[in-house]
Amino acid sequence: MKINMIGQRNLLGYGTFFANLCDQMKRLSFLSTLVTEYSIYGDSQTAEKLVADSSPKDINIWFSGFLDPKLFKTKGRNVVLAMFEHDKLATNYVKRLSFADLVWAPSAWAKNVLVTHGLPATKIAVVPGGVDSEIYHPHCRQWLETQTPGKFRFLMLGKFEERKGYKQLLDAFVKAFGKNPKVELLIKGDYYIDMERKAALLLDFVKSYNAPNIRLLTGAGSPEDLFVIYNMADAFVFPSRGEGWGLPLIEAMATGLPTIATNHSGQTEFLSQLGGLFMPVAHKLVPIDDPEFKQLVESNNGDWGHWAEADVDDLAEKMQNLMKNHQLWRRNAHLASQVLRTSFSWANSAHIMVESLLNSGLLPHVRFNTPHRITMN
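About the cut-offs
Residues numbered from 1 in each chain as written. Predicted model: local features only at pLDDT ≥ 70, side-chain atom pairs only at ≥ 80, totals over all residues. Heavy atoms only, no water. Phe/Tyr/Trp six-rings, centres within 6.5 Å; stacked < 30°, edge-to-face > 60°. Lys NZ or Arg CZ within 6 Å of the ring centre and 35° of its normal. Helix = DSSP H or I, 4+ residues; strand = E, 2+ residues; numbered from the N terminus. Buried < 20%, exposed > 50% of the residue type's maximum accessible area, 1.4 Å probe, protein only. Contact = heavy atoms within 4.5 Å. Core = buried A, V, L, I, M, F, W, Y, C linked by side-chain atoms within 4.5 Å.

Some remarks on the packing of aromatic side chains
Inference 1: Going through the model one piece at a time under the given rule, you end up with 19 aromatic pairs.
Inference 2: Put simply, the rings of Phe17, Trp245, Phe270, Phe344 and Trp346 pair up and form one aromatic cluster.
Inference 3: In this arrangement the basic side chain of Lys159 is found over the ring face of Tyr191, its NZ or CZ atom lying 5.3 Å from the centre.

Some remarks on the environment of Asn332
Inference 1: When you line up the elements, Asn332 lands in helix 13 (residues 326–343).
Inference 2: On the accessibility criterion, Asn332 (13% relative accessible area) is buried.
Inference 3: Distance from Asn332 to Ile61, taken between C-alpha atoms, is 37 Å for residues 271 residues apart in sequence.
Inference 4: When neighbours within four sequence positions are excluded, Asn332 is seen to be in contact with Gly276 and Leu277.

Some details on the nonpolar core
Inference 1: In terms of nonpolar packing, the biggest core is built from 117 residues, with Met5, Trp104, Leu114, Phe154, Leu170 and Met319 touching the most fellow members.
Inference 2: Among the elements that line this core, the one with the most residues is helix 6 (residues 166–177), at 7 residues.
Inference 3: Contacts of Leu114, omitting those with residues within four sequence positions, involve Ala82, Phe84, Leu89, Leu97, Val103, Ala105, Leu119 and Ile124.
Inference 4: Of all hydrophobic cores here, the second largest spans 5 residues; its members include Val286, Phe293, Trp304 and Trp307.

Encoded structure:
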């Protein structure tokens, strides 16, 4: 029997889940010997090897929202991680999930969406994501942020797309602070598909506000580079309309960065543990009407459901409040960091994942007869 971890390591949500959970599984005593990693997407030879090497006793864990029917020939029992940012799923997507013996949702919100689309609750387990607490921690915050005295800096980090709520963010920032040179908004909105075109669009978008205190940070960076960027700021603002998990948000908060965020969709899994330690921005649910999202995500008859839209007036007020009461929110942010780094490590995620496999009966319990003989029931 093998545990086949099937996905691709990259900077996106699925890729980050895949990389971290593979690494954690490879650290677990005995179970690590069962783990085989397959990076199959865009690699037909590896996909063919997966199908050929699989056996009926294997557990296949799929880290992808786009399952290739050809790979259904893979033998064994199947687990699928389902991540999405909206509340109306296409029938074909749900059908692809239904082939699995077990579906993992990264949040209770996502599990509820799946249940409303007809998947049995008994077939779905919540396996939350995590944050790398060795990289994203608050211990350097004080001396890093004092390198730029005299300015208060808000930060937004996330792909430049409608889903991230950039228009609401810039409208609120200009409403709250105008062109005040002592208050800056830093934006890192790199989009790693069609990079040059998206970068030009982002630059034009920012220029349209004629606000010299809005600055762009560009370029691919390592996690350590992101850590420094988070520590360049005094506060994090994340008015996202919808998230599968919300990696930039949990990373920023793990560094002890005071935060304003939309409390909706996937990030509710960890935000729900932080009552009073961050500022939730008021929002309303609106129909999804974004051509870019519609091009990438399938639907039923043009219905993608709803996502959140941050209230501009409330967001502007929250930003002013946070800056005015910064010391209070710094203390709250430090407490939030402790909760996130303790409760949502990738190691915890891996343990929850294994418990789910055991509880579902997909992973047999190990029985040690003697120090030199191991059998599996």
